[in-house]
Each structure stands twice: as structure tokens, then as C-alpha cells.
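# Geometric and topological summary
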Amino acid sequence: MTITATDILNAKILIVDDQEPNVTLLEQLLLESGYTRVTTTMDPQAVCDLNAENHYDLVLLDLQMPRMDGFEVMAALKADDPADYLPVLVLTAQPGHKLQALQSGAKDFISKPFDLVEVKTRIHNMLEVRLLYKQLESSNDTLEDTVQKRTAELLRINLQCTEEIEERKKAEASLQGTYTEIKQLKDKLQAENVYLQQEVARQFNFDEIIGNSQLLSQVFHQVEQVAPMNATVLLLGETGTGKGLVARAIHSRNARKKSPLITVDCTTLPATLIESELFGRERGAFTGSDSKQIGRFELADGGTLFLDEIGEMPLEMQAKLLRVIQDGEFERLGSPHTIKVDVRIIAATNRNLIDEVRNGKFREDLYYRLNVFPITLPPLRQRKEDIPLLVNHFVAKFNKKIGKQINIVSNAAQNTLQQHHWPGNVRELESAIERAVILSAGTSLQILDRFDSFDKRVSSNDRFDGVNRRVPREEPSVKTLVELEHEHIINVLQQTNWRIEGQQGAAVILGLNPSTLRARMRKYGIVRH
Ligand SMILES: Nc1ncnc2c1ncn2[C@@H]1O[C@H](COP(=O)(O)OP(=O)(O)OP(=O)(O)O)[C@@H](O)[C@H]1O
């Protein structure tokens, strides 16, 4: 802030005195000193109007005037504009008036008779202060204005922010609502999905066999073709693929369905008892046989005999079996009488019978007798599209059995199940779902099993190619299926501390019947050390 000499010389000055010589002297002095805007009056009553019109920077005011003295003029100026700082320089010859004048608002005084140097100096100083004050006031106004504008701007921004925050909160609340709604819809959809899948399963099931894959449909078609006839059927496929179910489906689609379907599980029968089990025996036929026994062939007369795991049948029995299949004739143990029966044969095996024939473990002639109409059950890993239907079927089955209400199978759970290789096929899947239903809390199925990578290697050793041919192994360096099976059984048995049966037993984990597992253990010579 600076005040220049020009600013001072351009300041507005009013000289008020009823004595003309004084007025002239002062005016003359100021004009000679370079002041450009000097006004004079000898009428004190005109001062307020003149000031209102011209806004003076300095008033040189005589105190002793008729009609209105200097004190009254100062009072009137103050009354007009109490906030305005209008410097008044009083001109007085009375020393006693000086103090009174300062108390009445005068800023300074000049004694009469005038000392012209003093007059000039005082006027100059007062104007400098006056102009500085005005500059300060104007800067204050600008500053205040800026502060006001900035405050208004900040208030506006603040308001805008508050509105935006409110809007964001509303949007978040609405998003949260939408998310909850989507979640509810998703749960509902999943529940409906389970229900619909069950409906679909009902449409696609074939008796008790669930699945709508291309591969399984081919099996259904073959069953439809062969079931009404009496031809022998050979069911091939890995363990747990549903050979037992297919045998029942064939029987139930034949006129023989009114007669029984008798099953012989060749793995569970000790070699010494197979013959009497199949053909019966007379009392005393051998030591300890003190009662007559009707064999399964006789029991199945007019119906169907299902020879499960035929590959396990001892060689000497295979010859006798061939005769019954060819001629429908046999004798009970210890009886010379030939019995004739009308039995339809369905045989099943998870072994490669051609290999068994090659290795001299299965009679070739029996193989050809049985292999009239082979049906190969595809492993589950080759028809993964059946997994969702099967999962829902088993969830519903075990919900009912265990008394749970699981109705959601999440995509994550489905994915886990889809990724597994299922060496134990549907039986393994069934056990996994039973375990999951038991362990799941709430209404969503939780898959807690950790399926390891062991089974991945099995797929490269698939034994059946769908038409009962041996599939050449692609990687000669990998272990054989037999080696893997042997190794895996030992691993699982060690895990279960050699427990075979029950929920925690090795048979459930391997997806095998306990009797089948025992047969395999015998076959591989696996014993607990
Ligand atoms: N497609 C299917 N739909 C429903 N359940 C099935 C299906 N396939 C198999 N299962 C179930 O899986 C289990 C094993 O089936 P099954 O005993 O028929 O297999 P398998 O091929 O005869 O096995 P193994 O050779 O070990 O005797 C059974 O509980 C059966 O009900």
C-alpha cells in the first residue's frame, strides 16, 4: 500500500470559516502548495450537505462561528455518518478549545494565527493518514467480498458433496437391496434347479437308471432291443457303472419278469461252494451237507439268472456253466438225475475277458457263449453330463433317508464333482453324495471330499472302448491298471487302518462292495502285515 504525492494533492479539502481573510489565506496556501481540489464555505450549516455531495478527505474547521459553531458542525457530521472517519482539523485561537475539540472528534488542531509551515505539514500528514485509511478500507472491502464469495462457493460445494454422499448412500442401499434380491433369486433358482433336475431325471430315467447322455442312451437302446428276447447278455464295464441296474432293467422288460431274477455274485462265493450254490445238492452230497439244497439255476427256472463278476468264476466251474447255458441241463451235486431248466442268462464283469482268455483264466468257448449280445456300460468320466442328474437324484434319495432338506447344489460343488475322474464310477459318486448330505449343514450341499490326482492316471488306461475291445495303452511307461489298482487298494486300506466295512471303511472310499474288495484283496494277495 503506498500513497503518492499526487494522491495527496488530489485529495478533496473543505475550508470552513466565517472570516473571509482566513478562508482566502488557507485556500491560497493550499493552491500554491499544489492541492487541486479545494472547496471553501463560510456557512457552517452547509457543511453536511457539501460533504454528502463531495465526500471530503479533510475539513479545516473554524470553531467560533455565529449560528453554528465548529463543535455543532462536528456533531452534525458524526450524526450523518457515524462510521465514516472524516478527519477534521480545527482552527482555533483559544487554547482551552483544543482539548475540547479533540474530545469532540477532531483529529488535530491548528492555532491561530497560522504558522503556514505548520499548517501545510499537518494537512499533508492528515491527508496521508486519511488516504491510507481509505485504501485499507477498500482492501478490507475487497477481502471481505472475496471471503464472502469463497465462503458462498465453499458452502455450495459442501452442499453438493452432502447431496452426492446422500445419493451415493441411496445408490449403495439400493445396490445392497438388489444384491440381496439377486442372492435370493439365485438361491431360489438353484433350489428350483434341483427340483427341475429331479423332474428331468424322472423323465430321463430308465427304470432306476439315471442319465441322459448320448453314451447311456445307446445302452438304453441296446437294452430295449435285447430285453424282450431270451438271448444271453454280457454286461461289460468298470466297477460301479450300473451293470446290476441294467441286468434288472433287462429282466423287467421281458415276459419273464413275473418269475424271479436270481443273482449270483461270483466274488462272494468261495470256490468250494459255487457248484452247490449254482446247481444245488442232495442230502449228504459231501461231508457236512446234511440237507438238500436247491441251486440258483433251479430257483431261476422260468426267470433270469444274473451271474455277476463272471470273470471271478473258477475255471472248473466254467465248463459246467457252459453246459447249462448250451443245453439247459445239469445235475444236483450228489444226484444222478438231470434237471432241465429254462433260464435266461445275464453275465457281468469288469474284467477284460479277452485278456483273461489269452491268459488262460477264462474259457474261450464260454466267452463266445456269453458274448452273444455285449453291452458296455461307459465309465462316468466319459459321460460327465449325467453327473448333475445323478447328483440331484442321490441328494433327493439321501435327504429322504437321512431326513435332511438340502435343495441347493452350488455351481462350485457341481464343478468339483465334474472335475473328479470317478474311478469308482456311479457307486463312488453315490457314496460321495451320501457323505456330503450327512456332513452338510443347512440347505446347501457341501462337498468336503478332497479328490486326489490318483484317478487321473486311470483314464489313460480305460479298459473298454464301448464295443468290448481292448484299448491299446497310449503310454507304455505308465503303470498298468492292475498295478495302480493294487497300489491304490493298499493306500486306502492303510488310510482306514485296514478297516473294510462301514462308512469309514475302505470299501466305501473305493466305491466297492465290501465283498468285491475282499475278492480283490485275495486276488492281489493283499494281507495286513
Ligand atoms: N445310472 C445310474 N443311476 C442311478 N444309480 C446308479 C446308476 N449307475 C449305478 N448306480 C448306482 O451305483 C451303485 C453301483 O451300481 P451297480 O452295482 O449296478 O454297478 P456295477 O457296475 O454292477 O458294479 P460292480 O462291477 O462293482 O458290481 C448302485 O448303488 C447303483 O444303484
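Here, the structure is the one placed above.
Every value quoted in this text rests on a predicted model; they were computed, and no experiment measured them. (Residues numbered from 1 in each chain as written. Predicted model: local features only at pLDDT ≥ 70, side-chain atom pairs only at ≥ 80, totals over all residues. Heavy atoms only, no water.)

## Section: the site of the ligand
Our working rule: Summary of the distance rule: residues count as near a molecule or strand when at least one heavy atom falls within 4 Å of that molecule or strand. The term polar contact refers here to a pair of N or O atoms within 3.5 Å; inside protein, the definition further demands a hydrogen-donor-capable atom paired with an acceptor-capable atom, and it admits residues adjacent in sequence only when both atoms are side-chain atoms. Every accessible area reported is derived by Shrake-Rupley at a probe size of 1.4 Å, with residue values counting cover from the shown protein chains alone. The helix count covers DSSP runs of H or I at least four residues long, the strand count covers runs of E at least two residues long, and both are numbered beginning at the N terminus. Side-chain classes follow a simple rule in which Ala, Val, Leu, Ile, Met, Phe, Trp, Tyr, Cys and Pro form the nonpolar group, Asp, Glu, Lys and Arg form the charged group, and the remainder, Gly included, forms the polar group. Start and end positions for the domains come from either an automated domain assignment or a database one.
Taken together, 19 residues lie near the ligand, and T239, G240, K243, R427 and E430 sit nearest. Contact distances for the ligand include 2.9 Å between an oxygen atom and a backbone N or O atom of G244. Surface burial for the ligand is 87%, taken as the share of its 630 Å² of free accessible area covered by protein chains. Only helix 8 (243-252), helix 14 (387-402) and helix 16 (425-439) provide two or more residues apiece to the shell around the ligand. Tallied by class, the residues present in the shell around the ligand amount to 6 nonpolar, 6 polar and 7 charged. Each of domain 2 (214-376) and domain 3 (382-449) gives at least three residues to the shell around the ligand.

## Description of the sheet that holds strand 12 (residues 373-376)
Sheets are built from strands that pair by backbone hydrogen bonding, the pairs being arranged parallel or antiparallel. The test is simple: Strands qualify as paired when DSSP identifies two bridges or more between them. Note on geometry: axes are C-alpha line fits, over the in-contact stretch for helices, and angles between N-to-C directions span 0 to 180 degrees.
Pairing in this open sheet of 5 strands is parallel, and the strands run 7-8-11-6-12 from one edge to the other. Each having just a single partner strand, strand 7 (261-265) and strand 12 make up the two edges of the open sheet. Strand-to-strand, the axes of this sheet are offset by a mean angle of 20°, without reference to chain direction. Strand direction decides the pairing type here: strand 7 and strand 8 (residues 304-308), joined by 5 bridges, are parallel. In the strand pairing of strand 8, L261 is matched with T304.

## What to know about the packing of helix 3 (residues 47-54) against helix 4 (residues 70-80)
So the rule is basically this: The cut-offs work like this: below 35 degrees is roughly parallel, past 145 is roughly antiparallel, 65 to 115 is roughly perpendicular, and the gaps in between are oblique. Note: crossing handedness is left-handed where the near helix turns anticlockwise from the far helix by less than a right angle, and right-handed where it turns clockwise. Whether two residues are in contact is decided by their heavy atoms: any pair within 4.5 Å suffices.
Two elements in contact, helix 3 and helix 4, have axes separated by 9 Å at closest approach and are oriented at 40°. Taken together, the axes of helix 3 and helix 4 lie oblique to each other. The hand of the helix 3/helix 4 crossing is right-handed. Along the contact surface, helix 3 presents V47, C48 and N51, while helix 4 presents V73, A76, L77 and D80. Broken down by class, the residue content of the contact of helix 3 with helix 4 amounts to 5 nonpolar, 1 polar and 1 charged.

## Digging into the nonpolar core
What counts is decided by this rule: To define a nonpolar core, start from buried Ala, Val, Leu, Ile, Met, Phe, Trp, Tyr and Cys residues and group those joined through side-chain atoms within 4.5 Å. Burial here depends on accessible area, computed with a 1.4 Å probe over protein chains only, as a share of the maximum for the residue type. Under 20% is buried, over 50% is exposed, and the range in between is partly exposed.
Ranked by internal contacts, the top residues of the largest apolar core, which has 32 residues, are L278, F297, L305, L307, I310 and L370. When contributions to this core are tallied by element, the ones reaching two or more residues are strand 6 (233-236), strand 7, helix 9 (271-279), strand 8, helix 11 (315-327), strand 11 (344-349), helix 12 (353-358) and helix 13 (364-370). Broken down by element, the residue count for this core peaks at 5 residues, all from helix 11.

## Some remarks on the environment of G403
By the element assignment, G403 lies in the loop between helix 14 and helix 15 (411-419). Note on G403: relative accessible area 61%, which makes it exposed.

## Let's talk about unusual backbone geometry
Cis rather than trans, the peptide bond between K112 and P113 has omega equal to -10°. At N425, a position not held by glycine, the phi torsion is positive, near 55°. Judged by its relative accessible area of 0%, N425 is buried. The backbone of W498 shows a phi angle near 65°, a positive value even though the residue is not glycine. One can find W498 in the loop between helix 18 (481-495) and helix 19 (506-510).

## Brief notes about the pattern of salt bridges
Note the cut-off: A pair is scored as a salt bridge if a Lys or Arg side-chain nitrogen falls within 4 Å of a carboxyl oxygen belonging to Asp or Glu.
In the structure shown here, the tally under the stated rule is 29 salt bridges. When the shortest N-O distance is used, the salt bridge between E298 and R332 registers 2.8 Å. One end of the pair, E298, is in helix 10 (residues 296-299); the other, R332, is in the loop between strand 9 (329-331) and strand 10 (338-340), and 34 residues separate them in sequence. For E298, a relative accessible area of 18% corresponds to the buried category. Judged by relative accessible area, which is 12%, R332 ranks as buried.

## Regarding helix 20 (residues 514-524)
Along helix 20, the positions that sit buried rather than exposed are T516, L517, A519, R520, M521 and Y524. Looking at the buried positions of helix 20, the neighbouring elements they touch are helix 18 and helix 19. Of the residues one or two after helix 20, G525 is the one with positive phi, at around 65°.

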